[in-house]
Amino acid sequence: MNTEETRNKHFIEKIIDDDLLHSRVPEGTIVTRFPPEPNGYLHLGHAKSIILNFSLAEEYGGRCHLRLDDTNPEKEDMEYINAIQADIKWLGFDWGDYLYHASDYYQQLYEIAVSLIRDGKAYVDSLTPEQMKEYRGTLTQPGKESPDRNRPIEENLRLFEEMKAGKHPEGKYLLRAKLDMASPNINLRDPALYRIKFATHPRTGDAWCIYPMYDYTHPISDAIEGITHSICTLEFEDHRPAYDWATSIDHIPHTPHQYEFARLNINYTVMSKRKLLYLVKNGLVDGWDDPRMPTLVGVRRRGYSPESLKMFVDKVGVAKVESVVDFALLEFCVREDLNKRAKRVMAVLDPLKVTITNYPEGESEFVEVENNPEDPEAGTRMVPFSRTLYIEQEDFMEVPIKGYRRLYPGNEVRFKGAYYLTANDVVKDEDGNVIEVLCTYDPESRGGTTPDGRKIRGTIHWVSAEHAKDATVRLYDKLFLTEAPGEATGDYLDDINPDSLITLTDCKVEPALAEAAPGEYLQFMRNGYFVPDSVDFTADAPVFNRTVTLKDSWSKKKGK
RNA sequence: UGGGAUGUAGUGUAAUGGUAACACAGCAGAUUCUGGUUCUGCAUUUAGGGGUUCGAAUCCCUUCAUCCCAGCCA
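Calculation notes
- The written sequence of each chain sets the order in which its residues are numbered from 1.
- Think of it this way: whatever chain is written first is A, whatever ligand is written first is 1, and the rest follow in order.
- Side-chain atom pairs in this predicted model are given and counted only at pLDDT of 80 or more, local residue features only at pLDDT of at least 70, and totals for whole chains, interfaces and linings cover all residues.
- In computing side-chain values, all of the structure's heavy atoms are included and hydrogens and water are not.
- Any pair of Phe, Tyr and Trp rings, taking the six-membered ring for Trp, is counted once the centres come within 6.5 Å. Such a pair is stacked with planes under 30 degrees apart, edge-to-face with planes over 60 apart, and tilted for the rest.
- Numbering goes from the N terminus for both helices and strands, where a helix is a DSSP run of H or I of at least four residues and a strand is a run of E of at least two.
- The cut-offs for exposure are 20% and 50% of the maximum accessible area for each residue type, with area from a 1.4 Å probe on protein chains only; residues under the lower value are buried, those over the upper are exposed, and the others partly exposed.
- Two kinds of site are reported from a 1 Å grid over the protein atoms alone, namely cavities, where a 1.4 Å probe fits but cannot get out, and pockets, open sets with protein on both sides within 12 Å along at least five of seven lines, and residues are called lining when an atom falls within 4 Å of a point.
- Grid points are joined across faces, edges and corners, and a volume is the space filled by probe spheres set on the points.
- Residues are sorted three ways: Asp, Glu, Lys and Arg are charged, Ala, Val, Leu, Ile, Met, Phe, Trp, Tyr, Cys and Pro are nonpolar, and all the rest, Gly among them, are polar.
- We call two residues in contact whenever any of their non-hydrogen atoms come within 4.5 Å of each other.
- Whether a residue is near a molecule or strand is decided by its heavy atoms; if any one of them lies within 4 Å of it, the residue is near.
- The definition of a polar contact used here is a pair of N or O atoms within 3.5 Å, where within protein one atom must be able to donate a hydrogen and the other to accept one, and adjacent residues in sequence count solely through side-chain atom pairs.
- Take the number of residues in a helix, subtract one, and multiply by 1.5 Å to get its expected span.
- For two strands to count as paired, DSSP must find a minimum of two bridges between them.
- To define axes, lines are fitted to C-alpha atoms, for helices over the stretch in contact only, and angles between the resulting N-to-C directions are given on a 0 to 180 degree scale.
- Note on handedness: a crossover is taken as right-handed if, strands pointing away from the viewer, the path from the first strand over the helix to the second is clockwise.
- Note that the term roughly parallel is reserved for angles under 35 degrees, roughly antiparallel for angles over 145, roughly perpendicular for angles of 65 to 115, and oblique for everything else.
- In this scheme the handedness of a crossing depends on how the near helix is turned from the far one: anticlockwise by less than a right angle means left-handed, clockwise means right-handed.
- When two cysteine sulfur atoms are found within 2.5 Å, that pair is recorded as a disulfide.
- We call a set of buried Ala, Val, Leu, Ile, Met, Phe, Trp, Tyr and Cys residues a nonpolar core when their side-chain atoms join them within 4.5 Å.

Asks: Which parts of the structure should I look at to understand the packing of aromatic side chains?
Replies: The way to describe two aromatic rings as a pair is by their centre distance and the angle between their planes. According to the stated counting rule, one finds 21 aromatic pairs in the structure shown. Between Phe160 and Tyr194, the ring centres sit 5.3 Å apart and the planes meet at 65°, which makes this aromatic pair edge-to-face. Here Tyr194 lies in strand β6 (residues 192–196) and Phe160 lies in helix α6 (residues 153–164), a separation of 34 residues in the sequence. Here Tyr359 and Tyr441 contribute two aromatic rings whose centre-to-centre distance is 5.2 Å and whose plane-to-plane angle is 55°, an arrangement assigned as tilted. Taken together, the residues span a long stretch of sequence, with Tyr359 in the loop between β12 (351–356) and β13 (364–370) and Tyr441 in strand β18 (residues 434–442) at a distance of 82 residues. Tyr441 matches Tyr359 in its accessibility class, with the two residues each being buried.

Asks: Explain the layout of surface pockets to me, please; I cannot follow it from the model alone.
Replies: If a probe as big as a water molecule is rolled over the atoms, it shows which places are left empty. In this structure, the second largest pocket encloses a volume near 980 Å³. Taken together, 29 residues make up the lining of the second largest pocket; nearest its centre are Glu394, Arg406, Arg526, Asp552 and Trp554. Where the lining of the second largest pocket is concerned, the elements lending two or more residues are β19 (459–460) and α13 (553–558). The residue inventory of the lining of the second largest pocket, partitioned by class, reads seven nonpolar, nine polar and 13 charged.

Asks: Hey, could you run me through the environment of Arg136 in this one?
Replies: Tracing the backbone shows Arg136 in helix α5 (residues 129–136). It is 47 Å that separates the C-alpha atoms of Arg136 and Arg302, two residues lying 166 residues apart in sequence. When residues no more than four places from it in sequence are discounted, the contact partners of Arg136 are Pro142, Gly143, Met181, Ile186 and Arg189.

Asks: How should I be thinking about empty space enclosed by the protein in this particular structure?
Replies: For the structure shown, the criterion picks out two cavities of 30 Å³ or more. As a volume, the largest cavity reaches approximately 150 Å³. Taken together, 16 residues form the lining of the largest cavity, with Arg292, Met293, Pro294, Tyr304 and Phe327 sitting closest to its centre. Elements that contribute at least two residues to the lining of the largest cavity include exactly α10 (296–302) and α12 (327–341). Class assignment of the residues belonging to the lining of the largest cavity gives a composition of eleven nonpolar, one polar and four charged. Along the walls of the second largest cavity sit Tyr214, Asp215, Pro219, Phe236, His239, Tyr243 and Gln258, which together make up its complete lining. At three residues, the largest contribution of residues to the lining of the second largest cavity is made by helix α7 (residues 214–225).

Asks: Explain the protein's contact with RNA strand B to me, please; I cannot follow it from the model alone.
Replies: Close to RNA strand B lie 71 residues; Asn8, Arg344, Arg406, Gly447 and Lys556 are nearest. Those atoms of RNA strand B that come within 4 Å of the protein belong to sugar or phosphate at a rate of 64%. Between a base oxygen of RNA strand B and a main-chain N or O atom of Gly417, the distance comes to 3.2 Å. Secondary-structure elements contributing two or more residues to the surface near RNA strand B are α5, β6, α11 (306–316), α12 and α13. Across the surface near RNA strand B, the residue classes break down as 26 nonpolar, 19 polar and 26 charged.

Asks: Where do I start with helix α4 (residues 106–118) in this structure?
Replies: An α-helical segment advances 3.6 residues per turn. Residues three or four places apart therefore align on the same side. A rise of 1.5 Å per residue sets the reference length of α4, with its 13 residues, at 18 Å; its end C-alpha atoms lie 18 Å apart and thus fit the reference within 8%. If you check which residues of α4 are buried, you get Tyr106, Leu109, Tyr110, Ile112, Ala113, Val114, Leu116 and Ile117. Backbone geometry just after α4 places Gly120 at a positive phi near 75°.

Asks: What am I meant to see in the sheet that holds strand β7 (residues 210–212) here?
Replies: Paired through their backbone hydrogen bonds, the strands of a sheet run either parallel or antiparallel. Read across the open sheet, the four strands follow the order β4-β5-β6-β7; overall the sheet is antiparallel. Edge positions in the sheet fall to β4 (122–125) and β7, since each has one partner strand and no second. Averaged over all pairs of adjacent strands, the angle between strand axes in this sheet comes to 20°, irrespective of strand direction. Relative to strand β5 (residues 174–177), β4 runs antiparallel, the two sharing four bridges.

Asks: Quick question: what am I supposed to make of the pairing of strand β9 (residues 257–261) here?
Replies: Counting buried positions along β9 yields four of five residues, so the element is predominantly enclosed. Of the crossover connections in this fold, the one passing from strand β8 (residues 229–233) over helix α8 (residues 240–246) to the parallel β9 is right-handed.

Asks: Sorry, what's going on with the sheet that holds β18 here?
Replies: Strand order in the open sheet formed by seven strands is β19-β16-β17-β18-β12-β15-β20, and the pairing between neighbours is mixed. At either end of the open sheet lies a strand with only one pairing partner, and these are β19 and β20 (463–464). Note: strand β16 (residues 412–415) against β19, two bridges, orientation parallel. Within β19, the position partnered with Arg414 by the bridge is Thr459.

Asks: Help me understand α6, please; the structure alone is not making it clear to me.
Replies: The end-to-end C-alpha separation of α6 is 16 Å, in line with the 16 Å expected for twelve residues at 1.5 Å each. Listed in full, the buried residues belonging to α6 are Asn156, Leu157, Leu159, Phe160, Glu162 and Met163. Close packing links the buried residues of α6 with α4, β4, β5, β6 and β7. After α6 finishes, the residue Gly166 shows a positive phi value of roughly 80°.

Asks: Sorry if this is basic, but what is going on with the packing of α4 against α7 here?
Replies: Packed helix pairs are specified by the crossing angle of their axes together with the interaxial distance, meaning the distance between the axes. Between α4 and α7, whose axes approach to 11 Å, the crossing angle comes to 110°. With respect to their mutual orientation, α4 and α7 come out roughly perpendicular. The handedness of the crossing between α4 and α7 is right-handed. Residues Gln108, Leu109, Ile112, Ala113 and Leu116 of α4 form the contact with α7, whose own contacting residues are Tyr216, Thr217, Ile220 and Ile224.

Asks: Looking at this structure, how should I read the state of the cysteines?
Replies: As used in these notes, a disulfide is a covalent bond between sulfur atoms, one from each of two cysteines. Summed over the entire model, instances satisfying the criterion amount to zero disulfides. Here Cys64 stays unpaired: no disulfide links it, and the sulfur of Cys232, its closest cysteine neighbor, is 14 Å away.

Asks: Sorry, what's going on with the nonpolar core here?
Replies: The tendency in soluble globular proteins is for nonpolar side chains to be buried side by side. In this structure, Leu44, Ile50, Ile88, Leu296 and Leu309 are the most contacted members of the largest nonpolar core, which totals 37 residues. Sorting the residues of this core by element identifies α2 (44–60), β2 (63–68), α3 (78–91), α10, α11 and α12 as the ones contributing at least two each. In contact with Leu44, not counting residues within four places along its chain, are Leu264, Ile266, Met271, Pro294, Leu296, Val299, Leu309 and Leu330.

Asks: Explain the pairing of strand β1 (residues 31–34) here, please?
Replies: A regular strand places its side chains so that they alternate between the two faces of the sheet. Going residue by residue along β1, you find Val31 and Arg33 tucked away on one face and Thr32 and Phe34 tucked away on the opposite face as well. Sheet topology places β1 next to β2; four bridges connect them, and they run parallel. Across the sheet, the residue bridging to Phe34 is Leu66, located in β2. Between the parallel elements β1 and β2, the chain passes through α2 in a crossover that is right-handed.

Set out below in structure tokens:
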């Protein structure tokens, strides 16, 4: 639901308001539905549709059905049917008792088709696919009527019955609606209603060998379920007349209406099932749930929260303009949400050893660090501190650049929650690389403040060397290098980002992180938001995925 | 080029005849035990051309641009 203080209603809400005002809604309540075809995993584009449909139902006190649109057994699979349900639940929506499948209506759909034939409104056609194409005409030229268009009703009835009984091979016959072959709208040039397919359906098995088409099934399914507002994407605008035709067939119990909105497009990614499937099948990613994928299983494993997705969809809005949303908006929403809920912890991704020369050898202590400055309820935790620590390589410069306020010789910085340290000397390897920084600490600064109240410009994170756990950290970046993958060369694969995944294996993390729970939202202080990987994380070998970086104004400034 | 739709800052979305706005992105600055957060400020917008009107993003005409449709896919 919309959590903004106020937001202008979008055009679908305005339509609903108007329908409610004029009592055009049976039962006085709206009914929406999310109708995916179970032929792949759900992605961010589906999330927009799911959130739109379910939120509308919540907002108006109506209900939202989940209907699996399973009318093409060649493409559909139980794997997808299950995954879709899991994804919707993860998003936080519940269809309650209203789980349906288009296949639930096969018998009814069949009977309606028979009545259509009886009424002379549908006929069995024997045109081959090639002839069909030819007879259909073109965008600028009307089609012509099939010789079978005036087949006697009795014969149509008999043939359709034979189709259903499996007496004819695939492609031999087709049941078509008798509409208008000269219509400028090609969807009205006697659309196919039923085709023969000897395929095993994931739910009905081999019970049927004729399967109803989308333009016939979808509107009638909506009508049967009492859907009031059937919301779909823009490319179905041309199908609305077919939708209206189907819902006006005699004895259809109710007349739903279709409204179209613009699908969600995001730059730097691809959203078509075909392309995503290709990435998976060819090992360009590690599966549908690869954290770089725009699939719901992918972003979930990446560490995006359902709330951040809802915020994103809310900010994107609902309109009829074909648009491409900036990836940065998605990342903003993720940060915005995670900032409130992520537990702050310290993890060093690129370790550099620091030794405190005036800290007693062999000793250690615990310092108290807050879990989330944004959330007073989050409390604090105790983190071990000792003579030898790790900090980020980035946080030390032997010769500091302008504006640098981290550790450098002679500079005093605060080690988060612990003490003030001053760098005095470095140890180098034979190549001249700094491999260790020698510091002294001020025992008076324990807890991060001193009695004299002196100001410290820099605060950096750290872990105690002897207490730290080794961890693997996966840094994810955009899957594509360009805003519109494939736009320049015609092949989206040309724009794949070779560095979309960087795996760091020598990271040092706070000991408590070994007990992190997969899916727990974390912020590695100053590094970004991370989540334990839901597949590979173990206490012995922790693996973390970077969800999103922190906003970073320093690297920009530094680059100038 | 037949039909259907759509054009508002860089991006997305409001404003439906009465001061063009919100968010993201960008750029400054302040605050800060995260160069994060928070706060403040700045720059940038009605596709073009006509018309109606005291007044037009909004109404009319026209041009242009973009998207969708010729599956026995959804």
